Amino acid sequence: MCQHIVLIGPPGSGKGTQARYLHACLGHHIIGAGDLLRREMDAGTPLGAIIATYVQAGHLAPLPILMQLVEQEIRALPPERGIIFDGIPRSRTQAAALDDILRRYQRSIDAAIHLRVPDQVVRQRLQARGRPDDTPAVIRERLRIYHARRPELLDYYRRRGVLVEVEGDKNATPDDVFQRIRAALHLTCRQEEPDDHTHTPA
Ligand SMILES: Nc1ncnc2c1ncn2[C@@H]1O[C@H](COP(=O)(O)OP(=O)(O)O)[C@@H](O)[C@H]1O
């Protein structure tokens, strides 16, 4: 069973896209770190103002802030609802903190998918996307931080025996990448049905 899935990959590697495919297949709730942080920034709260200083510089938001937002999301979910994590964890420290939270809710990570996409490809995609934090200097910083943290992060999940490597090269369409994920995790997708938020697949 893949109730809890983590997506690991550089910015622009397609984590958000694959999270949506996984959601369509399994019905799990998506917790997207970038989206959670942006939602707080958009709400104009004092916390959002602190977060903005990190996001604008391409730096990781402080651990306690991120984990507080993640826990709020998890707390609101019915226990049987699976979760797809997009953009969290981004470091070994975050992975351990996430495990601590999940344990409190009798949950645990079943699979960590590493999307392998070359820097050159993600740089092009991010520049085309053009979000305010997609400037060349900020992209460079986000990639630097990603590469600095990646070995320990992959190692964390490799030791747990849940790491899955998936190629997301330039010629692979999002659909190709999803089929690779599906095959690697032996996923059986649920029957297509209207996206009803009260629906909680087992
Ligand atoms: N797990 C995280 N921990 C801390 N900060 C994060 C995390 N995920 C995202 N952020 C912040 O949000 C920004 C945007 O992240 P995201 O929307 O996931 O885009 P991308 O994956 O393209 O960098 C990051 O550059 C960082 O500042």
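Residues numbered from 1 in each chain as written. Predicted model: local features only at pLDDT ≥ 70, side-chain atom pairs only at ≥ 80, totals over all residues. Heavy atoms only, no water.

J.: Please clarify how the UniProt feature "binding site: AMP" (unreviewed entry) in the chain should be interpreted in this entry.
T.: Here the UniProt-annotated "binding site: AMP" (unreviewed entry) positions come out as Arg-38, Gln-94, Arg-131 and Arg-142. Look at the named residues: they lie 105 residues apart in sequence, and the longest C-alpha span between them is 24.6 Å, so in the fold they stay spread out. Under the relative-accessibility criterion, Arg-38 is labelled partly exposed at 25%. Among the polar contacts made by the side chain of Arg-38, one reaches the side chain of Asp-35 at a distance of 2.9 Å. For Gln-94, the location among the structural elements is in helix H5 (residues 92-104). According to the relative accessible area criterion, Gln-94 is buried, its value standing at 5%. Residues contacting Gln-94, with those up to four places away along its chain left out, are Leu-60, Leu-63, Leu-66, Met-67, Ile-88 and Pro-89. (UniProt positions renumbered as here; feature names shortened; annotations may be inferred. Buried < 20%, exposed > 50% of the residue type's maximum accessible area, 1.4 Å probe, protein only. Polar contact = N/O pair within 3.5 Å; in protein donor to acceptor, adjacent residues only side chain to side chain. Helix = DSSP H or I, 4+ residues; strand = E, 2+ residues; numbered from the N terminus. Contact = heavy atoms within 4.5 Å.)

J.: Would you take a moment to explain the packing of aromatic side chains for this structure?
T.: Each aromatic ring pair is specified by the distance between its two centres and by the angle formed by the two planes. In the structure shown here, the tally under the stated rule is 2 aromatic pairs. Note on Tyr-21 and Phe-178: the rings are 5.1 Å apart at their centroids and 25° apart in plane angle, and the pair reads as stacked. Residue Tyr-21 is found in helix H1 (residues 15-26), and its partner Phe-178 is found in helix H8 (residues 174-185); the two are separated by 157 residues along the sequence. You can call Tyr-21 partly exposed: its relative accessible area is 26%. Judged by its relative accessible area of 4%, Phe-178 is buried. Ring centres of Tyr-156 and Tyr-157 lie 5.2 Å apart, and the angle between their planes is 80°; on these two criteria the pair is classed as edge-to-face. By relative accessible area, which is 0% here, Tyr-157 ends up buried. (Phe/Tyr/Trp six-rings, centres within 6.5 Å; stacked < 30°, edge-to-face > 60°.)

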